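Residue-level listing of the chains:
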Amino acid sequence: MLRLTRHPEPILRPIPHHPWESRYVFNAGVVYHNGLVHMLYRAIGEDEISRLGYAVSPDGLNFYRLDQPVLSPATPWEAWGVEDPRITPLEGKFYVLYTAYSGLGVRVSMASTTNFITWTRHGILLPDEDNKDAALFPEKIKGRYAMLHRRPPDIWLAYSEDLIHWTDHQVIMRPRPGTWESWKIGAGAQPIRTEWGWLLFYHGVDDHRVYRLGIALLDLEDPARVIRRQEEPILSPEAPWEREGQVPNVVFTCGAVEIDGTYYVYYGGADTVIGVATVQKEDVERFCRGG
């Protein structure tokens, strides 16, 4: 059975003298590029509006962060915040799917960047529905772009010719009654390619609203086919800073990377701080092979 090993302390906490991130930092998307871990994280400050901060690390544990947010609300759909970024390197850019939140609803939105400082907004991808927990695959599948998203309570897959208009929506994973993921599930980190399939670190919620992390493997050519899905969670809220905070009993990931034979899974603890948990690549490969 695969389990993650948590780093003993949060790696990012709120900064009281930064008004935009003084209360909570959580739900970080990450990408490993040119020897650095680049992180976008959700931050909430005095006005209770979510913005995205940027941090960078040479080792995946010690992060240097900017004093100001890099992506802030800029449209009516984002009036209450930009949330939960998931980063995918694709065709020479970093595409970020995030949740736009406002009184108008909750929408999957996309922006792209090459440096995490200057951004191009691409707007709302699924305009007619409340939706979130979306993540792009890092390459085309049979000539089309692919995306995971969440129509409650299930994980869905969709395809696109242009990254903007999405079709062929289908359910690929559902909650499992009577388990740690009985209420709803959603994509966590961006899908990670392995030789055995697409590795998916995802989240599940039980009937008591406890959030845990799970792991699944999707077929490379047809990601609607789930090759393997572990029955037990790989991380549960156990540390004090995962059990107590803005939303108690939550571990929630938006990003994972593989560095030198180790997978680093970044997650929000109780929607208040950011933690990281690791697992060796050989252990993940054993899971992928069915061992």
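Above this text you will find the structure in question.
In this report, the structure presented in the accompanying data block is examined. (Residues numbered from 1 in each chain as written. Predicted model: local features only at pLDDT ≥ 70, side-chain atom pairs only at ≥ 80, totals over all residues. Heavy atoms only, no water.)

The next subject is the side chain of H203. Considering the arrangement of structural elements, one finds H203 in strand β16 (residues 197-205). What H203 contacts, discounting residues up to four positions off in sequence, is D133, R150, K184, I185, G186, A187, G188, Y211, R212, L213 and F252. (Helix = DSSP H or I, 4+ residues; strand = E, 2+ residues; numbered from the N terminus. Contact = heavy atoms within 4.5 Å.)

On to helix α2 (residues 281-289). Residues of α2 that are buried include every one of V284, F287 and C288, and no others. Buried positions in α2, seen along its axis, are confined to an arc of 100 degrees and lie on one side of it. Packed against the buried residues of α2 are β15 (192-194), β16, β17 (211-218), β18 (226-229), β20 (262-269) and β21 (273-280). Downstream of α2 by one or two residues, G290 has phi in the positive range, about 90 degrees. (Buried < 20%, exposed > 50% of the residue type's maximum accessible area, 1.4 Å probe, protein only. Arc of directions from axis to C-beta.)

Position of Q190 relative to the elements: it lies in the loop between β14 (184-187) and β15. Polar contacts involving the side chain of Q190 include one to the main-chain carbonyl oxygen of A256, which spans 2.8 Å. Residue contacts for Q190: discarding those within four places in its chain leaves V30, I87, T88, A135, L136, L199, C254, G255 and A256. (Polar contact = N/O pair within 3.5 Å; in protein donor to acceptor, adjacent residues only side chain to side chain.)

Another aspect to go through is the sheet that holds strand β10 (residues 132-136). Pairing is antiparallel in the open sheet, where four strands are placed in the order β10-β11-β12-β13. Because the sheet does not close on itself, it has two edges, and the strands there are β10 and β13 (166-173). Between one strand axis and the next, the sheet turns by 25 degrees as a mean value, whatever way the strands run. With three bridges joining them, β10 and strand β11 (residues 145-151) adopt antiparallel strand pairing. Of the residues in β11, the one forming a bridge with K132 is R150. (Pairing = 2+ DSSP bridges. Axes fitted to C-alpha atoms, helices over the stretch in contact; angles between N-to-C directions.)

Considering the arrangement of structural elements, one finds L40 in strand β3 (residues 36-44). Placed 85 residues apart in sequence, L40 and L125 show a C-alpha to C-alpha distance of 20 Å.

What follows is about the pairing of strand β6 (residues 81-90). The buried fraction of β6 is high, at nine of ten residues. Between β6 and strand β7 (residues 93-102), which pair antiparallel and follow one another directly, the connecting turn spans two residues, one of which, E91, has a positive phi of 55 degrees.

A few words now on unusual backbone geometry. Of note, the amide linkage connecting P152 to P153 takes the cis form, showing an omega dihedral of 5 degrees. Examined against the element boundaries, P153 turns out to sit in the loop between β11 and β12 (154-160). Despite not being glycine, D133 shows a phi value in the positive range, around 55 degrees. Assignment of secondary structure puts D133 in strand β10. Under the relative-accessibility criterion, D133 is labelled buried at 2%. The backbone of D260 shows a phi angle near 50 degrees, a positive value even though the residue is not glycine. Looking at where D260 falls in the secondary structure, it is placed in the loop between β19 (251-259) and β20. Note on D260: relative accessible area 74%, which makes it exposed.

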